2 protein chains.
Amino acid sequence: MLEKTTRMNYLFDFYHSLLTPKQQSYMSLYYLDDYSLGEIAEEYDVSRQAVYDNIKRTEAMLEEYEEKLLLLQKFHERAGLLKKMKRLLLEENPSKQELLDTIVELENLD
Amino acid sequence: MLEKTTRMNYLFDFYHSLLTPKQQSYMSLYYLDDYSLGEIAEEYDVSRQAVYDNIKRTEAMLEEYEEKLLLLQKFHERAGLLKKMKRLLLEENPSKQELLDTIVELENLD
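Parameters and conventions
Residues numbered from 1 in each chain as written. Chains lettered and ligands numbered in written order. Predicted model: local features only at pLDDT ≥ 70, side-chain atom pairs only at ≥ 80, totals over all residues. Heavy atoms only, no water. UniProt positions renumbered as here; feature names shortened; annotations may be inferred. Helix = DSSP H or I, 4+ residues; strand = E, 2+ residues; numbered from the N terminus. Rg over C-alpha atoms; globule rule 2.2 N^0.38 Å. Buried < 20%, exposed > 50% of the residue type's maximum accessible area, 1.4 Å probe, protein only. Areas by Shrake-Rupley, 256 points an atom, 1.4 Å probe, with all protein chains shown as cover. Lys, Arg positive; Asp, Glu negative; His and termini not counted. Charge placed at Lys NZ, Arg CZ, Asp CG, Glu CD. Salt bridge = Lys/Arg side-chain N within 4 Å of Asp/Glu carboxyl O. Arc of directions from axis to C-beta. Contact = heavy atoms within 4.5 Å. Domains from an automatic or database assignment. Phe/Tyr/Trp six-rings, centres within 6.5 Å; stacked < 30°, edge-to-face > 60°. Core = buried A, V, L, I, M, F, W, Y, C linked by side-chain atoms within 4.5 Å. Least-squares fit on C-alpha atoms with pLDDT ≥ 70 in both. Polar contact = N/O pair within 3.5 Å; in protein donor to acceptor, adjacent residues only side chain to side chain.

Going by the annotation in an unreviewed UniProt entry, the name recorded for chain A is UPF0122 protein JK635_10555, with Neobacillus paridis given as the source organism. Word for word, the UniProt comment on chain A under Sequence similarities (unreviewed entry) is "Belongs to the UPF0122 family."

Caption draft 1: Representation of the overall build of chain A within the structure. On a plain count of helices and strands, chain A comes out with six helices and zero strands. Overall, chain A shows an N-to-C arrangement of helices and strands of α-α-α-α-α-α. By the compact-globule yardstick of 13 Å for 110 residues, chain A is too spread out, its C-alpha radius of gyration being 19 Å. In terms of principal-axis extent, the alpha carbons of chain A reach across some 65 × 25 × 20 Å. Going through the 110 residues of chain A one by one, you find that 36% of them count as buried. Counting every atom, chain A has about 6600 Å² of accessible surface; 49% of that belongs to carbon and sulfur. Counting 14 positive and 22 negative side-chain charges, chain A places the averaged centre of each group 3 Å from the other.

Caption draft 2: Layout of the pattern of salt bridges. One pass over the full model with this rule turns up nine salt bridges over all chains. Taking the shortest distance from any N to any O, the salt bridge between A:Lys86 and B:Glu107 comes out at 3.0 Å. One end of the pair, A:Lys86, is in helix 5 (residues 71–90); the other, B:Glu107, is in helix 6 (residues 96–109), on a second chain.

Caption draft 3: Summary view of the UniProt feature "coiled-coil region" (unreviewed entry) in chain A. On the UniProt side, "coiled-coil region" (unreviewed entry) is annotated at positions that read residues 48–75 of chain A here. Measuring from the first to the last C-alpha atom of residues 48–75 of chain A gives 34 Å, for a span that is 96% helix and 0% strand.

Caption draft 4: Seen up close, helix 3 (residues 37–44) of chain B. All names here are of chain B. The set of residues buried in helix 3 consists of Leu37, Ile40 and Ala41. On an axial view of helix 3, the arc spanned by its buried residues comes to 100°, and they lie on one face. Facing away from the buried side of helix 3 by over 90 degrees, the exposed positions are Glu42 and Glu43. Where helix 3 is buried, its residues touch helix 2 (21–32) and helix 4 (48–69). The first or second residue beyond helix 3 is Asp45, which carries a positive phi of 55°.

Caption draft 5: Structural detail: the domain arrangement of chain A. If you check the domain split of chain A, you get domain 1 (2–69) and domain 2 (73–108). Just the C-alpha atoms count here: the centres of domain 1 of chain A and domain 2 of chain A sit 34 Å apart.

Caption draft 6: Quick peek at the packing of aromatic side chains. Tallied over the full model, the rule gives 12 aromatic pairs over all chains. Here B:Tyr10 and B:Phe75 contribute two aromatic rings whose centre-to-centre distance is 5.7 Å and whose plane-to-plane angle is 50°, an arrangement assigned as tilted. In this pair, B:Tyr10 is assigned in helix 1 (residues 2–15) and B:Phe75 in helix 5 (residues 71–90), connecting sequence segments 65 residues apart. Overall, the relative accessible area of 30% leaves B:Tyr10 in the partly exposed class. Members of the aromatic cluster, each reached through a chain of ring pairs, are A:Tyr10, A:Phe14, A:Tyr15, A:Tyr65 and A:Phe75.

Caption draft 7: Summary view of the nonpolar core. A:Tyr15, A:Ile55, A:Leu62, B:Tyr15, B:Ile55 and B:Leu62 are the most contacted members of the largest nonpolar core, which totals 44 residues. Aside from chain neighbours lying at most four places away, what touches B:Ile55 is B:Tyr26, B:Met27, B:Tyr30, B:Tyr31, B:Leu37 and B:Ile40. Core analysis: the next-biggest nonpolar cluster, separate from the first, contains 19 residues, B:Leu81, B:Leu89, B:Leu106 and B:Leu109 among them.

Caption draft 8: A look at the relation of the copies chain A and chain B. For the match of chain A to chain B, the screw axis carries a shift of 0.0 Å, the RMSD comes to 0.0 Å, and the turn is 180°. With respect to symmetry, the two chain copies, as superposed, fit the operation of a two-fold axis. In terms of proximity to the rotation axis, the leading residue of chain A is A:Leu71, whose C-alpha is 4.7 Å off the axis. Take the interface residues of chain A: 100% of them recur as interface residues in chain B, which is what a same-surface contact looks like.

Caption draft 9: Just the side chain of A:Thr102, in detail. Residue and element names in this part refer to chain A. Here Thr102 shows up in helix 6 (residues 96–109). The buried category is assigned to Thr102, whose relative accessible area is 0%. At 2.7 Å, the side chain of Thr102 forms a polar contact with the backbone oxygen of Glu98. Apart from the residues within four sequence positions on either side, Thr102 is in contact with Leu81, Lys84, Met85 and Leu88.

The structure is reproduced here in C-alpha cells:
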C-alpha cells in the first residue's frame, strides 16, 4: 500500500494538470493529505462510493498517461544518470569520457 | 510557416500518443510527409474541409497539452544545460563546481 501511495503521488505530480479540478481535489486529499474516503465524502456532500469510484477512475487514468508518456520512468532514468555524474565528479580525476557518455545518454532519453 | 511546422513536429513527437489513430495519421501525413490537405482528403475519402478541421483541432490539442505539461519547453531547457556541460568538459580543467551546479539545475527541471 505504501508503495502504491508513493507511485500515485509521483504520477499525480506529473499528470495532475490533465485531470479535472474535482479529480485533483479528491486525489490530493486522499493521497497527499491522507483523508479517508468517508472524510472526503462528507467534505463534498457526496456518497463514499462516489468518491471511491472517482479515485479509482483517476488512478487508472494516471496509469494510462504514464503508459503513453513515460514521464515517471524517464524521471527515474534521468535521476540515476545525474546521480552517476555526481559520483564521477567526486572522484579525484573524473573521466571526461565517462561524463560525456552519460550526457549523451541523458540526451537520448528525450 | 516553417517555424510553425517545426513546432508542430516537436509537439507531435512529444504528445502523439495522446491522440487518436486518425489524428495521428492526418498529422503525420501533413507535417512529417508534407501531404497537402487535398491529398489526405483523397487518401481517406473525406472532404478537404474535414481534414482541415481535424488538423486544426489537433494542433490546438497539442498546444493545450504543452501548456499543461511543458515537455517541449523542458526539453529545450534540458538540452541547453547538457550542451553547457559538454562545453565545460571540453575545457582543459573543467570547473567541478560549475558542473555540479548544472546537474542540480537539471534535477530541478523535473
